[in-house]
Amino acid sequence: MHLFGIWTLMAALQVVVVGGEAEHSLSSKEGALPCTRGFTQKEYIIEMDQELAKGQAVFNVTKTSGPLPLHSRTETAMLAQCSMVSFMDCSGGKVWFEVGAPSDFRVSERGVVYTLRHLSLEGKGKAVVMVYARDLLSKQEWKTRVHLHMGPQQVQTSDATLTGQVPEILFPWRRTVVRSDGSLRRLKRDWVIPPINVPENSRGQFPEDLVRIRSDRDKNRMLRYSVTGPGADQPPNGIFIINPISGQLSVTKPLDREHISNFHLRAHAVDLNGNQVENPIDIVINVIDQNDNRPEFTHTIFNGSVPEGSKPGSFVMTVTAVDKDDPKTANGMLRYKILSQNPQSPSSNIFTINNKTGDIITVAAGLDREKVTLYTLIIQATDMEGNPTYGLSNTATTIIRITDVNDNPPEFTTDTFFGEVHENRVNVIITNLTVTDKDQPHTQAWSAVYRITAGDPTGRFSIPTDPTTNEGLLTVVKPVDFELTRSFMLTVEAENEVALSRGIHLPRQSTATVSVRILDINESPEFSPSPKSIKLEEGLTARSLLTTFTAQDPDRFMRQTVRYSKMYDPANWLEIDPVNGQISTIAILDRESPYVKNNLYNVTFMASDNGIPPASGTGTLQMYLLDINDNAPHVFPPEVEMCEKPDPNGINITASDPDLTPNAGPFAFELASRPSDVRRNWTLSRINGEYAQLRLRITSLASGIYKVPIMITDSGNLPMSNTSFLRVKVCQCDHHGDCVDMERIIAAGLGTGAIIAILICIIILLVLVLLFIMWMKRRDKERQAKQLLIDPEDDVRDNILKYDEEGGGEEDQDYDLSQLQQPDALESDCVKVGIRRMDERPLHHDHQYPLRSAAPHPGDIGDFIHEGLKAADNDPTAPPYDSLLVFDYEGSGSTAGSLSSLHSSSSCGDQDYDYLGDWGPRFRRLADLYGGGDD
């Protein structure tokens, strides 16, 4: 493989190293030269445009820190890839570059040499510029000469258009070096293709040629060229195209460095059959930045703060702007400055800004929040290192707030404050203390703290601060006695929550005097001591004088009378004399009362004066009651259980005595002598002074409840005895010795109250059932009586017409009602002379019904009817369905005689029917019909 060369165009500038020095510096073999500090060449030749605008970059002065290999220096001289002047700095010290024509050119901090005014080479053809390098420490100086030549024709600002020809890239790319005799020699050695530089926003004609790619094997065969990669066949597609025959690489539209800063393409060479004839080579295309973006601040409005009274040089805040252009070039290098300050008080230049970092600091004193609370600054950021002519600018607003410090102490609005308060009042505001403070409200530098410095040695007053108004609230916190002190003169000092700034002291106005007047009120009488304690024995009888309990009226300047009364006496044992306060008993004192707790009994009395308005106070009398032997002991527990055959058969018992020792135990236990079977069945043995054991004398005892009388005597002075009954429940027991009788089982499941409730419910249910049965029977009897005795005013003949009756046919409608009469039992004359009713049925003598005897007495009418019913039921010829209806029917023309003949015994003509009136209301109508005389 052979190595050729590559040519690149740099924005209308090209550097060519003058020959003689280059040839002399190369040796016959490759290698690194020893490092020599200074410019790499004594003279440089740079081709440039005929016209140079103001601020246009001409070339770069760069600094390297080590020696270049021999071949690299040769290639730099031959290929001239960039318009730069190189300085070798072996020690890496600080070197300052200057231009010999300071009125025409200037070197920036990054080594860019640009014009200070418009320059033209027309008519001259060339110009010479001296470049100096100076070590700031050693003061050593170096210089080189740069020849500016006007090119043969004006070239475009693109690497793609060199004067006279388009650069070529051969497969494989070959490195060119210079022999010692000045001739060129190509080495077959792999090398990295230098990048192609293309300026952004180009206004040339598109497509614009960049470079030609070809292989030295195209002499004997036809080849096809292509490029791949982003910008060619990958998104964004179509930016770069290549002529497949000539290998001409072109760009189709303007490039934008802020969008894509470089492209990585790969070039390919194949024959007509598609066979690869060369290895692909990488091509890097760098987009050269242009100043096409203005600086942009990160915020439209910046907010900062600085304490008032800050010294010059105090840091305030930092503003930041960004530029999308290349920050490595002047296009992206920003400089800041303050355009305006509002307000301009106390001066117009209170603040300054670091033009590189954007830090804002104070440069003058006099910041006072009470005069100016905030400042507004207009900040400008300009690129091209702040060049006002060629740089692009933008502005932002900065608001600087002056924060408060405690440089103003609180001052009272008056020298003396006045207030008054009634005696014995606490937590009452007497007066409000007002102050003024110029610091920012509701801050620690504004909030006041009040302190009493004199006039209150006992601490009866305090001054909390109202957080809203900042006023001091003078408050009385301890009772004040008018009889002791009638006024107070307080000295009050006001401070802030934070200390004052250095050098500021409290003025006289921060101290004030407060005059407090005490007002007299009617005070309550006071018992002394309260509570008052006395000690006495219980059992004290009524009308016994105990003590005198009086109260004193603290109002010494008022003539008042005190009266006493009782407020609280739960057992109602005492009374107090309303005038002199003597306390006496009205009942017997009992230490064992439920109102006595731990031998103490408390009674509360009230003392009232006759002031306006009246006042009253209370006092407590505390009585300590001493015990006496006034309670007899009782057996405890009162009820025990025992098995029928106990094993062991002993039960331990003790005594209960409300009295205290020595009026209680030890106790003496003894079985009562009666009844006689007690000592026959039981025995009682003493265990100690508190317990005794009850045992059976016999081996077993039947189940049941036994009451064992036990006499117990206490040990008091004048001992007291009492016979109490121990209830012993004897029951059947299991193998554990526990009762298993049914009563215990039931009691274990249900309580006594529940069992009683269940029994009551059962009894009530049974009573309700019995009452219901009795009511049903009574109802049936009344229904039957109503059917038999119907009101005569009703048409009884209609009652037989029941529409829901299903009889035995037409034959059933022919009823024989002759059985209502008993013609055979009547005398013949009675039949003849008896009263005949018009609605009676004629008498039939050939009836087939069985005969029934006449009723012996009208009182047996019920028996008579039932006998007739029985006869009808037993009659085989009677209708089976309507047997009961024959007694209800009385139709016209009935063969039955009049009812007046039912109870006639001998004579019917003079029969007296007045007795029907005695039969009750049901027979009243019948008595009216037959016993009414003429009616």
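None of the values given here were measured: they were computed from a predicted structure.

Draft legend 1. The arrangement of unusual backbone geometry in detail. With omega at 0 degrees, the peptide bond leading from N342 into P343 counts as cis. You can see P343 is positioned in the loop between β27 (335-342) and β28 (351-353). Geometrically, the link from F636 to P637 is a cis peptide bond, its omega value of 0 degrees lying close to zero. Residue placement: P637 occurs in the loop between β50 (634-636) and β51 (639-643). The phi angle at N427 is positive, at roughly 55 degrees, despite the residue not being glycine. Turning to its location among the elements, N427 is positioned in the loop between β33 (416-422) and β34 (428-433). The backbone phi angle of H442 is positive, close to 60 degrees, even though this residue is not glycine.

Draft legend 2. Quick peek at the packing of aromatic side chains. Applying the stated rule across the entire model yields 18 aromatic pairs. Taking 4.6 Å as the distance between ring centres and 40 degrees as the angle between the ring planes, the aromatic pair formed by F527 and F549 counts as tilted. In this pair, F527 sits in strand β41 (residues 526-527) while F549 sits in the loop between β43 (545-548) and β44 (551-552), placing the two residues 22 residues apart along the sequence. F549 carries the same exposure label as F527, and that label is buried. Pairwise contacts between aromatic rings join F39, F87, F97 and W142 into one cluster. In this structure, K535 is placed above the aromatic ring of Y624, and the distance from its NZ or CZ to the ring centre is 5.4 Å.

Draft legend 3. Region of the structure containing the sheet that holds strand β2 (residues 38-39). In space, the five strands of this open sheet follow the order β2-β6-β5-β9-β8, with mixed pairing throughout. One side of each edge strand has no neighbouring strand; the edge strands of this open sheet are β2 and β8 (105-107). Note that β8 and strand β9 (residues 112-115) share three bridges and pair antiparallel. Looking at the pairing, F105 lines up with T115 of β9.

Draft legend 4. Looking closely at helix α7 (residues 861-874). Along its 14 residues, α7 runs 20 Å from first to last C-alpha, staying within 8% of the 20 Å computed at 1.5 Å per residue. Taken residue by residue, α7 has F864, G868, A871 and A872 as its buried positions. Here the buried residues of α7 occupy an arc of 100 degrees about the axis, which is enough to place them on one side. Away from its buried face, by an angle of more than 90 degrees, α7 presents the exposed residues K870 and N874.

Draft legend 5. Region of interest: the side chain of D325. Along the polypeptide, D325 turns up in the loop between β26 (321-322) and β27. Within polar-contact distance, the side chain of D325 engages the backbone nitrogen of D292 at 3.5 Å. With residues near it in sequence (within four places) discarded, D325 still touches E200, R257, E258, D289, Q290, N291, D292, N293, N331, G332 and D383.

Draft legend 6. Broad picture of the confidence of the model for the protein. Chain-level pLDDT for the protein is 78 on average; 75% of the residues reach the 70-or-more range. Contacts for the low-pLDDT stretch residues 819-849, under 50 throughout, to residues beyond four places or in other chains number 75 contacts. A low-confidence stretch, residues 903-908 stays under pLDDT 50, and its non-local contacts, those more than four residues away or across chains, total 12 contacts.

Draft legend 7. Geometry of a nonpolar patch on the surface. A surface patch of nonpolar side chains, amounting to about 770 Å² of accessible area, comprises I756, I760, I763, I764, V767, L768, L771 and M774. Inspection of the secondary structure assignment puts I756 in helix α5 (residues 752-788).

Draft legend 8. Representation of the sheet that holds β28 in the model. Reading across the sheet, the three strands line up as β25-β29-β28 and stay open at both edges, with antiparallel pairing between neighbours. Sheet topology places β25 (315-318) and β28 at the edges, where each strand pairs with a single neighbour. For this sheet the average axis-to-axis angle between neighbouring strands, irrespective of direction, equals 25 degrees. Where β25 and strand β29 (residues 359-362) come together, three bridges link them in antiparallel fashion. From the neighbouring strand, F315 faces β29, where its bridge partner is I361.

Draft legend 9. The state of the cysteines, seen in detail. Enumeration according to the criterion identifies one disulfide in this entry. Across the disulfide, C643 is cross-linked to C733 (sulfur-sulfur distance 1.9 Å). The sign of the -105 degrees torsion about the S-S bond sets the C643-C733 disulfide as left-handed. On the criterion of sequence distance, the pair formed by C643 in strand β51 and C733 in the loop between β57 (721-731) and α4 (742-749) is long-range, its members being 90 residues apart. A relative accessible area of 15% places C643 in the buried class.

Draft legend 10. Spatial organisation of the pattern of salt bridges. Scanning the model with the defined rule gives 21 salt bridges in all. The partner of R727 in a salt bridge is E639, with the nearest N and O atoms 2.8 Å apart. Of the two residues, R727 sits in strand β57 while E639 sits in strand β51, which places them 88 residues apart along the sequence. A relative accessible area of 32% means that R727 is categorised as partly exposed. The partner of R778 in a salt bridge is E782, and the shortest N-O contact between them spans 3.4 Å.

Draft legend 11. Local environment of the side chain of E471. Turning to its location among the elements, E471 is positioned in the loop between β37 (461-462) and β38 (472-476). Although E471 is buried, it makes no salt bridge; R369 carries the closest opposite charge, 19 Å away. Residues within four places of E471 in sequence aside, it is in contact with N432, L433, T434, Y450, P464, T465 and D466.

Draft legend 12. The arrangement of the environment of P236 in detail. Summarising the element assignment, P236 is placed in the loop between β18 (223-228) and β19 (240-242). Considering only alpha carbons, one finds P236 and I260, 24 residues apart in sequence, at a separation of 9.9 Å. If we skip the residues at most four places from it in the chain, P236 touches G231 and I260.

Draft legend 13. Spotlight on the environment of G862. With respect to the helices, strands and loops of the structure, G862 is situated in helix α7. Through-space distance from the C-alpha of G862 to that of A785 is 9.6 Å; in sequence the pair is 77 residues apart.

Draft legend 14. Local environment of the environment of L474. Relative to the elements of secondary structure, L474 occurs in strand β38. According to the relative accessible area criterion, L474 is buried, its value standing at 0%. Spatially, the C-alpha atom of L474 lies 6.2 Å from that of N432, the residues being 42 residues apart in sequence. Apart from residues no more than four positions distant in its own chain, L474 is found in contact with V428, I429, I430, T431, I452, F461, S462, I463, L490, V514 and V516.

Definitions and cut-offs
Throughout, residues of each chain are indexed from 1 in the direction in which the sequence is written. A pLDDT threshold of at least 70 governs which residues receive local features in this predicted model, and a stricter bar of 80 or more applies before side-chain atom pairs are shown or counted, although totals over entire chains, interfaces and linings include all residues. With hydrogens and water set aside, each side-chain value is computed from the structure's full complement of heavy atoms. Numbered from the N terminus, helices here are DSSP runs of H or I no shorter than four residues, and strands are runs of E no shorter than two. By convention, a stacked pair of Phe, Tyr or Trp rings (six-membered ring in the case of Trp) has centres within 6.5 Å and planes under 30 degrees apart, an edge-to-face pair has planes over 60 apart, and any other such pair is tilted. Only protein chains enter the accessibility calculation, which uses a 1.4 Å probe. A residue is then buried if its area is under 20% of the maximum for its type, exposed if over 50%, and partly exposed in between. Only Lys NZ and Arg CZ are tested; either one counts as a charge over a ring when it is within 6 Å of the ring centre and within 35 degrees of the ring normal. Should DSSP find at least two bridges between two strands, the strands are taken to pair. The span expected for a helix works out to 1.5 Å for each residue beyond the first. The directions from the helix axis to the C-beta atoms are what the arc is built from. Any N or O atom pair separated by 3.5 Å or less is treated as a polar contact, with the protein-specific requirement of one donor-capable and one acceptor-capable atom, and with residues adjacent in sequence counted only for side-chain atom pairs. Residue contacts are counted whenever heavy atoms from the two residues lie within 4.5 Å of one another. What pLDDT conveys is the predictor's confidence in a given residue, as a value from 0 to 100. A residue counts toward a patch only above 30% relative accessible area and without a salt bridge, and it is joined to like-charged neighbours within 9 Å or, for Val, Leu, Ile, Met, Phe, Trp and Tyr, to nonpolar neighbours within 5 Å. Method for areas: the Shrake-Rupley scheme with a 1.4 Å probe, in which residue coverage is limited to the protein chains shown. Definition used for salt bridges: Asp or Glu carboxyl oxygen within 4 Å of a side-chain nitrogen of Lys or Arg. Each axis is a line fitted through C-alpha atoms, taken for helices only over the stretch in contact, and angles between the N-to-C directions span 0 to 180 degrees. The disulfide criterion used throughout: a pair of cysteine sulfur atoms within 2.5 Å. Working convention for charge: Lys and Arg count positive, Asp and Glu count negative, and His plus the chain ends are omitted.

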